[in-house]
Amino acid sequence: MKHAPSWPCPDNDEEAEPLKWPLAPVVLCLAAGIVAGDVLGVHWAAVAALAAGLTFVCVWKKHARSIALGTLLFLGGWVDLLGDKEVFSARDLHVVLTPESHLATIEGTLAEAPRERFVETKRGTESRFSSLIDVQRIQLKGEWKPAEGRVFVQTPAAPPLELHRGRQVQVKGNLGVPEPPSTPDMLDFREYLAHQDIHFQMHTRGLEDWHLAENGSRKAAPLSDRFRDWAMVEFQGNLPPGDQNVMLLQAMGLGWKAGLMDDVAKPFMQSGTLHVFAISGLHVALIAVMLVALLHGVGVPRRVCGAVLIPLLWFYTAATGWQASAVRSAIMMSVIGAGWMLERPSNMLNSLAAAAAIILVWDPQQLFQPGFQLSFMVVLSMGLLIPPVEEWRKRIFRPDPLLPEELRPRWQRWFDEPVRWITMNAVTSFAAWLGSLPLIAYYFKMITPVSLLANLVLVPLSSLALMSSFGSLLLAWCPPIAELFNLAAWLLMKWMVASSIWFAELPAAWWPVIKPGPGIFLSFYTLVLSLFAVQWKSPWRWRLAAVAGVTLISLLGVGWQTQRESIRLTVLDVNGGDAHVFEGGRHFPSLIIDAGSDAGYENALNTYLQSRARRSMPQLLVTHGDVRHVGGAPLLIKDYDVTRLITSPVTSRSPGYRDLVREWSTNSHEHLIITNGSRLGPWEVLHPAATDKFPSGDDNAVVLRGEIRGVRVLLLSDLGRSGQRVLLERHQDLRADIVVTGIPAKEEPLMDDLLAAIAPQVVIVTCALQPATEQARPELRERLKQGPWAT
């Protein structure tokens, strides 16, 4: 019997010619049209009419067909996106609802199985789950209306087993438009959902707000969901419940991300190896290779192998939640597999373009998803960059061609295969790192040079762990052997966790960076393609590389200098608390004023500091003992190497505040006590004085005023009414251009006399929906509408 080569088997010798990438220009034109549609808008009917005109040109004007066809594809992508975003139905949630929040009940179908995650709270580790519901009707103010649209639902509980894809449910909660980001540097969750055609978000109190609809209560779970649940149990085996390594194996093999908690994911992210937990081409290729080897080993013909494998790959893609990287890999493997079945030569780059075209035609908004971008760019970079780098590698490690193989020293021949394996993996790691570098900087605000080494260790370990896990599934009928595979996978995952921590802690393993702009993206990828893509034969290649290199260095230099010169005060929304970040550039020392609550720190302050490429913030000022201002301080001190704690001399009854000061003093760190008249860089302390002792903690809050480049800023924290009166009596001149205040627990901020003395141009009030004491009352809103700041 003729032995078939392993599948997939792309041939990289001659496939790199541009003529063998017929789908590449198709994808480029489609993607350009989708981007234009997102940026420029324009009604879809007008673009469709223009496309129809170009279709006529394609038919009748022979010499203009190439240009017209490319333009037609461009407009096709444009129309596809606009049609996907257009509201056609009177039942659409955009028509039924207003942007304000509503207490509502929705009825519909679960679009996917609930996604669980674990979070650390003061009460320990707690479960949360999110769901996507395709709405069929909605109840507002007791009246049911037909509705259409998809809603993102968040619930503070563990998902019950009866919730699965396709189940009819009724859910009650607060329904509204997702909140925008607190600052432009942070993730825009509203935009992220909008690119999935999700424009409304619901918050529920818990499982008491969930009910099974009568017509869907007996519907069985889909086969893919039942397979995933069964595989989760098999991965667990006889290992202890809740074991971290088992949960990570379930995340890596089945896409169950609940066990990938922040403290566990952090070293993988910092070592640049978090991608091993994404259901990607690595997983799909491993499954394909394992099953081909198994079927081919028992004599199954090639065409039968392909006919069995392709449905199994799509089943696995469905069982892992239809992740973009898995869909891309399944499409690409299906294209390659079909060619392999028919004994046709395969082309990885053309198969990649085919996968991209299919996905973009089906769902054009996938182009804006981080998973889609990272997945395709990494594979594209590997396809373009590995061949030339591999040629350099072969030249460096090529033995003497005039020396017969049998005359080479034995030790050299022993090392040939290990050296080849290590260098080939190093080339692959370098290509993937280079292709994903700007995207990693954009989405994760860091670059990870250590990933070039870390991937050489963790990718083989993850491959072996995956093979062991899937081996336990294939041999589930023989529990003793399946248990051995489970133990092997557990041990490999333990080594992966230890390795990721070790690599992340190496000097200069990772660097935080500011989110790069479009100019850096364009110049970087132009430079990389000019230097490494030998398939590009243009005589302008090296000149273009020089221009791109100079442009990239110039943009990076300008960005660095701008950051050094800029002075920035950021007021963060931390859900009822306060957290202000003052960045003085090279002019003043940076300062954090309050850290918010523990949850506020994780959700807002920490995220913001990461987006600003901060690894340390040496100074922390705690204005008073409110838990919503001081609760996140211990986490901030731990994560950002705070070396100076600044407080007022006034004592506080807050346990959290007292514990913070006591622990700080015990560790002999610098503790600076400020009072009325003290200075902190550009900031002058206006309140409290050393002799002030108000019964309410809010009245003891530190008040700062700073003048920065001619602009006066007054920070009042949660200053209560008694503190406001003393502030007025103590200082004759309180004028400021901008005033920032929180909400005192029992009183209103900015009483009329104080507001008149400040005479601000801009008033910023930090408030929240919960708790009720942190809400900006209607009376306050009406009072603040009177004045020049109201405009």
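Residues numbered from 1 in each chain as written. Predicted model: local features only at pLDDT ≥ 70, side-chain atom pairs only at ≥ 80, totals over all residues. Heavy atoms only, no water.

### Considering the overall build of the protein chain
- From N to C terminus, the protein chain includes 25 helices and 21 strands.
- Split into buried and exposed, the 791 residues of the protein chain put 48% on the buried side.
- For the protein chain, the share of sequence-separated contacts (at least 6 apart) that also reach a separation of at least 24 residues comes to 71%.
- For the protein chain, the exposed area adds up to about 39300 Å²; of that, 62% sits on carbon and sulfur atoms. (Helix = DSSP H or I, 4+ residues; strand = E, 2+ residues; numbered from the N terminus. Buried < 20%, exposed > 50% of the residue type's maximum accessible area, 1.4 Å probe, protein only. Contact = heavy atoms within 4.5 Å. Areas by Shrake-Rupley, 256 points an atom, 1.4 Å probe, with all protein chains shown as cover.)

### Notes on the packing of helix H13 (residues 370–397) against helix H14 (residues 410–444)
- Two elements in contact, H13 and H14, have axes separated by 8 Å at closest approach and are oriented at 145°. Seen along the crossing, H13 lies across H14 with a hand that is right-handed.
- Taken together, the residues of the contact of H13 with H14 sort by class into 19 nonpolar, six polar and three charged. (Axes fitted to C-alpha atoms, helices over the stretch in contact; angles between N-to-C directions. Left-handed = near helix turned anticlockwise from the far one by under 90°. Nonpolar A, V, L, I, M, F, W, Y, C, P; charged D, E, K, R; others polar.)

### A word on the environment of Glu208
- Along the polypeptide, Glu208 turns up in the loop between strand S6 (200–203) and strand S7 (210–212).
- We classify Glu208 as partly exposed; its relative accessible area is 48%.
- Between the C-alpha atoms of Glu208 and Lys172, which are 36 residues apart in sequence, the distance is 8.8 Å.

### Brief notes about the packing of helix H12 (residues 348–362) against H13
- Where H12 contacts H13, the two axes come as close as 10 Å, and the packing angle between them is 160°. Classified by the angle their axes make, H12 and H13 are roughly antiparallel. The two elements H12 and H13 cross, and the hand of that crossing is left-handed. Where H12 approaches H13, its residues Met348, Leu349, Leu352, Ala355, Ala356, Ile359 and Leu360 are matched on the opposing element by Phe372, Phe376, Val379, Leu380, Met382, Gly383 and Leu384.
- Partitioning the contact of H12 with H13 into residue classes produces 13 nonpolar, one polar and no charged. (Parallel < 35°, antiparallel > 145°, perpendicular 65-115°, else oblique.)

### Looking at the nonpolar core
- Core analysis: the biggest nonpolar cluster contains 48 residues, and Leu248, Met252, Phe277, Phe470, Met493 and Met496 have the highest contact counts within it.
- When contributions to this core are tallied by element, the ones reaching two or more residues are helix H6 (223–236), helix H7 (244–254), helix H8 (262–270), helix H9 (281–297), helix H10 (302–319), helix H11 (324–341), helix H15 (451–474) and helix H16 (479–504).
- No other element matches H15, which puts seven residues into this core.
- Setting aside residues no more than four positions away along its own chain, Met252 makes contact with Val276, Phe277, Ile279, His283, Ser462, Ala465, Leu466, Met493 and Met496.
- Listed in part, the 45 residues of the second largest apolar core include Met348, Leu352, Leu360 and Val389. (Core = buried A, V, L, I, M, F, W, Y, C linked by side-chain atoms within 4.5 Å.)

### A few points about the confidence of the model for the protein chain
- The predicted model of the protein chain has a mean per-residue pLDDT of 80, with 87% of residues at 70 or higher.
- Predicted confidence for residues 1–19 stays below pLDDT 50, and this span has 35 contacts to residues more than four positions away or in other chains. (pLDDT = per-residue confidence, 0-100.)

### Comments concerning the sheet that holds strand S17 (residues 683–687)
- Taking strand neighbours across the sheet as the criterion, the six strands line up as S16-S17-S18-S19-S20-S21 in an open arrangement whose pairing is mixed. Strands with a single pairing partner mark the edges of an open sheet, and in this sheet they are strand S16 (679–680) and strand S21 (762–765).
- The pairing of S17 with strand S18 (residues 703–708) spans four bridges and is classified as antiparallel. Among the inter-strand pairings, Glu684 is bridged to a residue of S18, identified as Arg705.
- Along the sheet, helix H23 (residues 721–730) makes contact with S17, S18 and strand S19 (711–717), crossing S17 at roughly 115°. (Pairing = 2+ DSSP bridges.)

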